[in-house]
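Spelled out, the chains give:
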Amino acid sequence: MSAAAKSPAGAEPPAAEVSPGRGALRRNLPPARRFLAGRKRALVRLGGWSLLESAQTFLGGYCLAQALDRGFLAGQTGTGLLWLAVAAASILGAGPPMRGVFAQLAELTEPLRDALVRRAVRQALRRAVTDPARTDDRSDTGAVSRLTHQTEIVRDSFAGLVLTVRAFVFNAVGALIGLLALAPELLLVVLPPLVLGIALFLATLLPMASAQRDFLDADEAVAEGVGAVSAGHRDLVACGAQADAAQRTGRLIDVAERTSRVLARWAALRTVALGVAGQLPVLLLLVTTPWLLRQGVTTGALAGALTYLLQALLPALHSMMTALGAAGTRLLVVVDRFQDATAAPVPTKAPAPDPADAGRRRPSRGRRPSRTVPAVEVRDVTHAYGPDSTPVLERLDLTVRRGEHIAVVGPSGIGKSTLAGVVSGLVAPDEGTVLLGGEPVTGRTARDLADRRVLIPQQAYVFTGSVRDNLLHLRPDATSGELAHAIGTLGAEPLVHRLGGPDAALAPRGLSHGERQLLALCRAYLSAAPLVLLDEATCHLDPPAEARVERAFAERASADGARARDGALIVVAHRLSSARRADRVLVLDGTTPRFGTHEELLTSSALYRDLFGHWQHTPSPPAGR
């Protein structure tokens, strides 16, 4: 059965795996404090602009009360209109403060989003190299897409929280000062239900955060389980496992239903808290109006109090409670999931390398290995993607001498890229041993492996930054002369010149696949790792460029003197011309691999003869540059 058919539908995530909201809060408060502490200037400016909003709130109710008491009810129409004009002027002056608020909001939200996007990508890369047998292009893309989508949730939720909490705090300051200025008795009526409702609401936040996390976990489990069953439908039918898959998927759906009901109950309690804090003060103010009038509270003061409640305090309170109850708990959960997702995963077979360390130059450990020791030894290696799957590699033996250039050929899906992953240490074989320079790759740390090999896959990676940053990524200490030599040797001068030189900014979206590959190949050429694996890394280059690159790497692997590497070059061939240039060729056919020179294989391997004959009569495709 395929790996897709066996994953997450095969297990029901227990509720005990979900961290409680209180634990999430404890984990996320220190990072949140550090984040905000680093942006004190933006917070101070945000508070300054918001104080102007407090003044507008104060003037809105106070001016209305004075317009009634000192103006219209006292027979002074002009005085009443003047007070209303002051209130109108405060409303019209709200534009600049809000513009300042949103400008400072961007200073808080965009750095948070950028940090989380970087963390999401690091997490996906770490998982991919930690357990490659359970990772494919679709799961990688889905994981990154899901996490980067969650960064947008975090940014929007955080921005909404900052706006709504800020609005409530500063509106409340203006309104409460206004009520105190109009009549202290008004606070006796308004404050108790307001405080009670807010306290009840705050008491629901942590339980609701836990319920929200349970709901998100269950929802994702259902999505992944159903996706896995859909992807492995053919295998499930072939193995007669439909009923078992349906039962397990049904349990996932039951868990999702239970978490949804719990979340709904907490949402109902939040609504009650909102009613106590948001509606009860208005009701009590109306009920106690006769008593307030007997205490000397004027009609204008009562009208001003209703204005504070209905137009400022209660709308801001409603927005804040809604945001904290929905966006706030969602923000807490998603940020906590980032903390969990980016924790270092536990490898299932052998320690896997960190992609950030792959190919970086490290100080040499121990003595230089003898040139009599092969660069690569693959001994009796077997690997299959799943216990019931046909092995992709079966009892494979391969020895690559130092300074040797070999090519790996075979039909699509025969295991060429798997072999590259096994040799590089990214894929742990089910059986057998892989040695690089006489030392096993199993059990090596990422740094150890980075000293020994560099792998360039078919989909080359470049990042936003300068051209120089991209080229020196695997060897930051390379000199300008070494950089120029690599660019010239691989024929990348026209590309680097078009991009604006080594110090020009690089936008990955503006590059073709071939241009990305050429930059990644220059990066690998500069690496200090002796072994280079090119897994169809030249497929988007035209044939002359591909030949130039392979010759350059072959000379690099066998160089003597100051540039001696004691290395080797392994090319997973995209075109059979790569096999003609290699010292020896490995033909994978799924049953009996053949290894020899081009001339030997034309005699001993029928598959190689067929591949070579078909290639000779097939026109070359246009270059992807």
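For the structure, check the block above.
Residues numbered from 1 in each chain as written. Predicted model: local features only at pLDDT ≥ 70, side-chain atom pairs only at ≥ 80, totals over all residues. Heavy atoms only, no water.

(A) Local environment of the overall build of the protein. Looking only at helices and strands, one finds 22 helices and 12 strands in the protein. Looking at the protein residue by residue over its 625 residues, the buried ones come to 46%. Partitioning the intrachain contacts of the protein with sequence separation of at least 6 by distance along the chain shows that 79% fall at a separation of at least 24. Element-wise, carbon and sulfur atoms account for 59% of the exposed surface of the protein, whose accessible area totals about 29700 Å². (Helix = DSSP H or I, 4+ residues; strand = E, 2+ residues; numbered from the N terminus. Buried < 20%, exposed > 50% of the residue type's maximum accessible area, 1.4 Å probe, protein only. Contact = heavy atoms within 4.5 Å. Areas by Shrake-Rupley, 256 points an atom, 1.4 Å probe, with all protein chains shown as cover.)

(B) Representation of a nonpolar patch on the surface within the structure. On the surface, a nonpolar cluster with roughly 280 Å² of combined accessible area is contributed by Val 165, Val 169, Val 173 and Ile 177. In this fold, Val 169 is placed in helix α6 (residues 137-182). According to the relative accessible area criterion, Val 169 is partly exposed, its value standing at 38%. (Patch = residues over 30% accessible without salt bridge, like charges linked within 9 Å, V, L, I, M, F, W, Y side chains within 5 Å. Salt bridge = Lys/Arg side-chain N within 4 Å of Asp/Glu carboxyl O.)

(C) Region of interest: the sheet that holds strand β6 (residues 453-456). Taken in spatial order, the six strands of this open sheet run β6-β9-β10-β3-β11-β12, and their pairing is mixed. The open sheet has two edge strands with one neighbour each: β6 and β12 (594-596). Neighbour to neighbour, the strand axes of the sheet diverge by 15° on average, direction disregarded. Strand direction decides the pairing type here: strand β3 (residues 405-409) and strand β10 (residues 568-572), joined by four bridges, are parallel. Residue pairing in the sheet places Ile 406 in a bridge with Ile 570 of β10. Here helix α19 (residues 543-557) sits on the sheet and contacts β3, β9 (531-535) and β10; the angle it forms with β10, its principal contact strand, is near 150°. (Pairing = 2+ DSSP bridges. Axes fitted to C-alpha atoms, helices over the stretch in contact; angles between N-to-C directions.)

(D) A look at the environment of Gly 304. Tracing the backbone shows Gly 304 in helix α12 (residues 299-341). For Gly 304, a relative accessible area of 0% gives the class buried. Separated by 125 residues in sequence, Gly 304 and Leu 179 place their C-alpha atoms 7.9 Å apart.

(E) Structural view of the nonpolar core. Grouped together as the largest cluster of nonpolar side chains are 40 residues, with contacts concentrated most on Leu 521, Leu 534 and Phe 553. Elements that contribute at least two residues to this core include exactly β6, α15 (467-471), α16 (480-489), α17 (493-499), α18 (513-526), β9, α19 and β10. It is α18 that contributes the most residues to this core, eight residues altogether. Setting aside residues up to four positions removed in sequence, Phe 553 forms contacts with Leu 490, Leu 521, Ala 524, Tyr 525, Val 532, Leu 534 and Leu 569. Residues Ala 172, Phe 201, Leu 313 and Ala 316 belong to the second largest nonpolar core, which totals 33 residues. (Core = buried A, V, L, I, M, F, W, Y, C linked by side-chain atoms within 4.5 Å.)

(F) Spotlight on the packing of aromatic side chains. In this structure the tally under the stated criterion is four aromatic pairs. Considering the side-chain rings of Phe 58 and Tyr 62, the 5.2 Å spacing of their centres and the 15° angle between planes classify their relative orientation as stacked. Taken together, the residues span about one helical turn, with Phe 58 and Tyr 62 both in helix α3 (residues 40-72) at a distance of four residues. When its relative accessible area of 23% is taken as the criterion, Phe 58 is described as partly exposed. Pairing Tyr 525 with Phe 553 gives two aromatic rings, centres 5.6 Å apart and planes at 80°, and the pair type is edge-to-face. With Tyr 525 in helix α18 and Phe 553 in helix α19, the pair connects residues that are 28 residues apart, well separated along the chain. The class for Tyr 525 is buried, based on a relative accessible area of 5%. Classification of Phe 553 by relative accessible area gives buried; the value is 1%. Site record: aromatic cluster; members linked through ring pairs are Phe 58, Tyr 62 and Trp 83. (Phe/Tyr/Trp six-rings, centres within 6.5 Å; stacked < 30°, edge-to-face > 60°.)

(G) Seen up close, unusual backbone geometry. In this structure, Asp 380 takes a positive phi of about 55° despite not being glycine. Along the chain, the position of Asp 380 falls in strand β1 (residues 376-383). With a phi angle near 50°, Arg 395 is a residue other than glycine that sits in the positive phi range. The topology assignment puts Arg 395 in strand β2 (residues 393-400).

(H) Broad picture of the packing of α3 against helix α4 (residues 77-92). For the pair α3 and α4, interaxial distance at closest approach is 7 Å and the crossing angle is 170°. Judged by the angle between their axes, α3 and α4 are roughly antiparallel. Across the interface between the two elements, Gln 56, Leu 59, Tyr 62, Cys 63, Leu 64, Gln 66, Ala 67, Arg 70, Gly 71 and Phe 72 of α3 pack against Thr 77, Thr 79, Gly 80, Leu 81, Trp 83, Leu 84, Val 86, Ala 87, Ser 90 and Ile 91 of α4. For the contact of α3 with α4, a count of residues per class yields 12 nonpolar, seven polar and one charged. (Parallel < 35°, antiparallel > 145°, perpendicular 65-115°, else oblique. Nonpolar A, V, L, I, M, F, W, Y, C, P; charged D, E, K, R; others polar.)

(I) Structural view of the packing of helix α9 (residues 242-278) against helix α10 (residues 280-287). Put simply, α9 and α10 touch, their axes get as near as 4 Å, and they point 35° apart. Where α9 approaches α10, its residues Gly 275, Val 276, Ala 277 and Gly 278 are matched on the opposing element by Leu 280, Pro 281 and Val 282. Its residues placed into classes, the contact of α9 with α10 shows five nonpolar, two polar and no charged.

(J) Representation of the sheet that holds β1 within the structure. In spatial order, the strands read β2-β1-β4-β5; together these four strands make up an open sheet with antiparallel pairing. Looking at which strands have only one partner, the edges of the open sheet turn out to be β2 and β5 (439-440). Bridge count for strand β4 (residues 431-436) against β5 is two bridges, and the pairing is antiparallel. Bridging from a neighbouring strand, Leu 436 pairs with Glu 439 of β5.

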